[in-house]
Amino acid sequence: MASVTVIGAGVIGLSTALALQQRGHRVHVIAAASSGSTSGLTSLAAGAVWYPFKVGPVDRVGGRDGWAARTRRWLTELAHSDPSAGVDLLIREELSDSPAIPWWGDASDDLRLQRADTNGPVPVYTWRFTAPRCEPAIFLTWLEALLHQPVERQHVRSFADVPGEIVVNCTGLGSRALANDASVEAVFGQTVIAASDGFDLSLCAGDERFADAVFYVIPRRNEVVLGGCAIPHDAETPAVPTDEISADILARARAKGFHAVRVVRSSAGLRPCRPEVRLERDLHDPRVIHNYGHGGGGYTLAWGCALDVAGLVDASAAGRIGNSTGVPAKF
Ligand SMILES: Cc1cc2nc3c(=O)[nH]c(=O)nc-3n(C[C@H](O)[C@H](O)[C@H](O)COP(=O)(O)OP(=O)(O)OC[C@H]3O[C@@H](n4cnc5c(N)ncnc54)[C@H](O)[C@@H]3O)c2cc1C
């Protein structure tokens, strides 16, 4: 057993902390913002449905036993076993311009081509699969409540200041400064939250065929999330929803047949995008394990990544226990 400090209390930090606690490690979470915060937490702004968007690498995200598949199995199990987790199973229909199985297709066990409309000017293929959806406010609070130690609110400036034999960095966009990693970039996303009347709350839809007109509908238990957009943004400037983008989203919704939308509010957040998720031990400071850069897929990958981090922590702890000098090795 090791004493581990996780930095970050978004979906990645809390899932990682829970996985480590379940393996018997002593876990302490430190975060500048947590589920009660109004800003600084991308996880609260998410539509939070299972779907790999703007995230890589393909070989670790996809596949039958990759991060997305393992997370999907965990969320599906939670949807069946514990309604208080805020996870439900929806049917997702995703439009594509290709009849080829999507790159993440193996991660879903029930993906199938539902329709092929080839009579129009451009062919449109509809893929259908079961997609677990989390209610962010419920799910994050549920995760936090499972931890034996409460989240400590603190901004961390340097890993050297953090206690614990092992430190796991789950700071998302905060890793630009904390891990000195300029490859993490902010990608702005905005949603319109609508009243649920008139929507089928079991059905989720997505269309990302046009990068400048991404569209999705994600029902929650009592409201519906309409999105979206993916626009490069300054990482230091907070995400604020604009009327112009909300109007665009509503126009796209009307074009898809959603006419009588009753808007409740708009919401925005910054996706922590990176060419690839960074999940590895730090080469220069082996006490630190990184787990950040989940782009538009943090909810889709959280548990698979958490299990891999737990594997790295277990290996570190085993190395210490097997150290013949009897002196704890530096992790
Ligand atoms: C509009 C929108 C819709 C989305 N929809 C989906 C979706 O449908 N499905 C999906 O899978 N994903 C979706 N995403 C992406 C998802 O929200 C992110 O991938 C995920 O929230 C990233 O989680 P995180 O824990 O890494 O980051 P965050 O939630 O931002 O958490 C980072 C944590 O680190 C802390 N932190 C940062 N720096 C420091 C520091 N120096 N010291 C201490 N603490 C620090 C913060 O306070 C916070 O607690 C969406 C995103 C947006 C914006």
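See the structure shown above.
Residues numbered from 1 in each chain as written. Predicted model: local features only at pLDDT ≥ 70, side-chain atom pairs only at ≥ 80, totals over all residues. Heavy atoms only, no water.

K.L.:
Which residues make up the overall build of the protein, and what are the values?
P.N.:
Helix and strand counts for the protein come out as seven helices and 15 strands. What you see for the protein is a C-alpha radius of gyration of 20 Å, in line with the 20 Å of a compact globule of 331 residues. Among the 331 residues that make up the protein, the fraction classed as buried is 54%. Restricting the contact set of the protein to residue pairs at least 6 apart, pairs at least 24 apart contribute 74%. Surface accessibility of the protein: about 14700 Å² in total, with carbon and sulfur atoms responsible for 53%. Of the side-chain charges in the protein, 31 are positive and 36 negative, and the distance between the mean point of each set is 2 Å. (Helix = DSSP H or I, 4+ residues; strand = E, 2+ residues; numbered from the N terminus. Rg over C-alpha atoms; globule rule 2.2 N^0.38 Å. Buried < 20%, exposed > 50% of the residue type's maximum accessible area, 1.4 Å probe, protein only. Contact = heavy atoms within 4.5 Å. Areas by Shrake-Rupley, 256 points an atom, 1.4 Å probe, with all protein chains shown as cover. Lys, Arg positive; Asp, Glu negative; His and termini not counted. Charge placed at Lys NZ, Arg CZ, Asp CG, Glu CD.)

K.L.:
Describe in detail the pairing of strand S7 (residues 166–169), supporting the description with residues and values.
P.N.:
Along S7, one buried face is formed by Ile-166 and Val-168 and the opposite face, lined by Val-167 and Asn-169, is buried too. Summarising the sheet, strand S1 (residues 3–7) and S7 pair through four bridges and their orientation is parallel. Bridge pairing links Ile-7 to Asn-169 in S7. Both S7 and strand S15 (residues 288–292) contribute to a ladder of three bridges, which runs parallel. Bridge pairing links Val-168 to Ile-289 in S15. (Pairing = 2+ DSSP bridges.)

K.L.:
Could you give an account of the packing of aromatic side chains, naming the residues involved and the relevant values?
P.N.:
Following the criterion strictly, the structure yields eleven aromatic pairs and no others. Ring plane angle 15° and centroid distance 6.0 Å describe the contact between Phe-139 and Trp-142, whose orientation is recorded as stacked. Taken together, the residues Phe-139 and Trp-142, both in helix H4 (residues 136–146) and three residues apart, mark about one turn of the helix. This pair shows no difference in class: Phe-139 is buried, exactly as Trp-142 is. In this structure, Arg-72 is placed above the aromatic ring of Trp-50, and the distance from its NZ or CZ to the ring centre is 5.4 Å. Positioned above the aromatic ring of Tyr-51, the side-chain terminus of Arg-92 is 4.2 Å from the ring centre. (Phe/Tyr/Trp six-rings, centres within 6.5 Å; stacked < 30°, edge-to-face > 60°. Lys NZ or Arg CZ within 6 Å of the ring centre and 35° of its normal.)

K.L.:
Can you lay out the site of the ligand for me, pointing to particular residues and giving the numbers?
P.N.:
Taken together, 38 residues form the shell around the ligand, and within it Ala-33, Ser-43, Val-49, Gly-295 and Thr-300 come nearest. Between Val-49 and the ligand, the recorded distance is 2.8 Å, taken from a backbone N or O atom to a nitrogen atom. The separation between a nitrogen atom of the ligand and a polar main-chain atom of Gly-296 is 3.1 Å. When the ligand is considered free in solution it has 1000 Å² of accessible area, and contact with the protein chains removes 95% of it. Breaking the shell around the ligand down by element, the ones donating at least two residues are helix H1 (11–22), strand S8 (185–195), strand S13 (263–273) and helix H7 (298–321). Among the residues making up the shell around the ligand, the classes are represented as 17 nonpolar, 20 polar and one charged. (Near = heavy atom within 4 Å. Polar contact = N/O pair within 3.5 Å; in protein donor to acceptor, adjacent residues only side chain to side chain. Nonpolar A, V, L, I, M, F, W, Y, C, P; charged D, E, K, R; others polar.)

K.L.:
Account for the side chain of Thr-5, with residues named and values stated.
P.N.:
Secondary-structure assignment places Thr-5 in strand S1. Accessibility expressed as a relative area gives 2% for Thr-5, which makes it buried. In this structure, Thr-5 is in contact with His-28, Ile-30, Val-162, Pro-163, Gly-164, Ile-166, Val-167 and Val-168, ignoring residues within four places of it in sequence.

K.L.:
Explain the pairing of strand S14 (residues 278–281) residue by residue, including any values.
P.N.:
Here S14 pairs with S15 via four bridges, running antiparallel. Looking at S15, one finds that Leu-279 is bridged to Asn-291. Connecting the antiparallel pair S14 and S15 is a turn made up of six residues.

K.L.:
Describe the pattern of salt bridges, listing the residues and the values that go with them.
P.N.:
Under the defined criterion, the tally for this structure stands at 19 salt bridges. Asp-65 is the partner of Arg-73 in a salt bridge, and the nearest nitrogen-oxygen pair spans 2.5 Å. With a shortest N-O distance of 3.4 Å, Arg-115 and Glu-93 are connected by a salt bridge. Residue Arg-115 is located in strand S4 (residues 112–117), and its partner Glu-93 is located in strand S3 (residues 87–96); the two are separated by 22 residues in the primary sequence. Overall, the relative accessible area of 15% leaves Glu-93 in the buried class. Put simply, Arg-60, Arg-70 and Asp-308 are held in one network by salt bridges that share partners. (Salt bridge = Lys/Arg side-chain N within 4 Å of Asp/Glu carboxyl O.)

K.L.:
Please give an account of the environment of Phe-188 that cites residues and values.
P.N.:
Relative to the helices and strands, Phe-188 is located in strand S8. Looking at Phe-188, the relative accessible area reads 4%, which means it is buried. Residues Phe-188 and Cys-229, spaced 41 residues apart in sequence, show a C-alpha to C-alpha distance of 7.1 Å. For Phe-188, the contacting residues outside a window of four places in its chain are Cys-229, Ala-230, Ile-231, His-233, Ala-239, Val-240, Pro-241, Ile-245, Ala-268, Gly-269, Leu-270 and Arg-271.

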